[in-house]
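In case you want the letters, here they are:
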Amino acid sequence: MQTYPPILSEITELCDDIQVPITLADPNLHDLPLVYVNKAFEDLTQWKASEILGKNCRFLQGPKTDRTIVDELAQSFHNREGSVCSLVNYRRDGSEFLNLIEVQPVHVSETRQVLLGCQYAYKLGSKHESFAANAEAIDFVMRRLHLQKPFKSPDVDSLGVVALDQTLMRFKTVFILVQNRIIAQASQNMRARIEASK
């Protein structure tokens, strides 16, 4: 049984109340198992936490999942780096959805990290009904955000771009909330140590 720093329970309590689907995975354990999922993730995927904790999230993959992207994600996890991508994933009932994913390492102690992932089942308007078009639109937004300068694509409508920007900003908000909770706990611990040393 793994033991985690107390801050992890504070992070999970925070994530319980967030409507963005969230996972925590442990890169220190074999096969990168999930150690936490919130209710929004359960609702998105139709999998209950009790069925999937301790498992790698590859149970979401299926015939249309792009193996190249999966390999790139695995490499970023191995290197404990952040990553943003879009993948065709599958719910428990076998239905497909385009999953916009951002995963970032979160330090829960000086020597330990967990990988915090945010997901979003993305749908664009009628111009982008196919998975290929959706993936192209997501890739466009991610390139634009990465380059920090706007550029136009005739294949991507502006409303879709705005919606994707908003989704990625929601992800950033989650990461900021978690980091703020960690910083607050570290400050409290430091104050307690200072008081104890007086």
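These figures come from a predicted structure and were not determined experimentally.

About the criteria used
- Residues numbered from 1 in each chain as written.
- Predicted model: local features only at pLDDT ≥ 70, side-chain atom pairs only at ≥ 80, totals over all residues.
- Heavy atoms only, no water.
- Core = buried A, V, L, I, M, F, W, Y, C linked by side-chain atoms within 4.5 Å.
- Buried < 20%, exposed > 50% of the residue type's maximum accessible area, 1.4 Å probe, protein only.
- Helix = DSSP H or I, 4+ residues; strand = E, 2+ residues; numbered from the N terminus.
- Contact = heavy atoms within 4.5 Å.
- pLDDT = per-residue confidence, 0-100.
- Salt bridge = Lys/Arg side-chain N within 4 Å of Asp/Glu carboxyl O.
- Polar contact = N/O pair within 3.5 Å; in protein donor to acceptor, adjacent residues only side chain to side chain.

Caption draft 1: Structural context of the nonpolar core. Counting residues in each nonpolar core, the largest one holds 21 residues, and the members touching the most others are Ile11, Ile22, Val106, Leu116, Cys118 and Val178. Residue assignment for this core shows that the elements contributing at least two residues are α1 (7–16), β1 (22–25), β4 (96–107), β5 (113–121) and α6 (158–197). Setting aside its immediate chain neighbours within four residues, valine 178 contacts Ile11, Leu14, Cys15, Val106 and Leu116. Grouped together as the second largest cluster of nonpolar side chains are 17 residues, Leu34, Trp47, Leu60 and Phe77 included.

Caption draft 2: How the structure looks around the confidence of the model for the protein. For the protein, per-residue confidence averages 77 on the pLDDT scale, and residues scoring 70 or more make up 75% of the total. Between the elements of the protein, mean pLDDT differs from a low of 50, seen in helix α5 (residues 131–147), to a high of 97, seen in helix α3 (residues 49–52). Contacts for the low-pLDDT stretch residues 124–131, under 50 throughout, to residues beyond four places or in other chains number 14 contacts. Ignoring residues within four places in sequence, the model shows residues 144–159, a span with pLDDT below 50, making 19 contacts including any to other chains.

Caption draft 3: Representation of the pattern of salt bridges in the model. Inspection of the entire model under this criterion finds five salt bridges. Across the pair aspartate 26 and arginine 112 runs a salt bridge, and its minimum N-O distance is 2.7 Å. Here aspartate 26, found in the loop between β1 and β2 (34–37), pairs with arginine 112, found in the loop between β4 and β5; they are 86 residues apart in sequence, far enough to count as distant. Of the two residues, aspartate 26 and arginine 112, neither departs from the other in class, the shared state being buried. In this structure, the salt-bridge partner of glutamate 51 is arginine 92, at a minimum N-O distance of 2.7 Å. Residue glutamate 51 is located in helix α3, and its partner arginine 92 is located in the loop between β3 (83–90) and β4; the two are separated by 41 residues in the primary sequence. By relative accessible area, which is 27% here, glutamate 51 ends up partly exposed. Residue classification places arginine 92 among the partly exposed positions, given a relative accessible area of 45%.

Caption draft 4: Region of the structure containing the side chain of asparagine 38. Tracing the backbone through its elements, the reader meets asparagine 38 in the loop between β2 and α2 (39–45). At 2.8 Å, the side chain of asparagine 38 and the backbone oxygen of valine 20 are in polar contact. Only 2.9 Å separates the side chain of asparagine 38 from the backbone nitrogen of isoleucine 22, close enough to count as a polar contact. Once you skip the residues sitting within four places of it in the chain, asparagine 38 turns out to touch Cys15, Ile18, Val20, Pro21 and Ile22.

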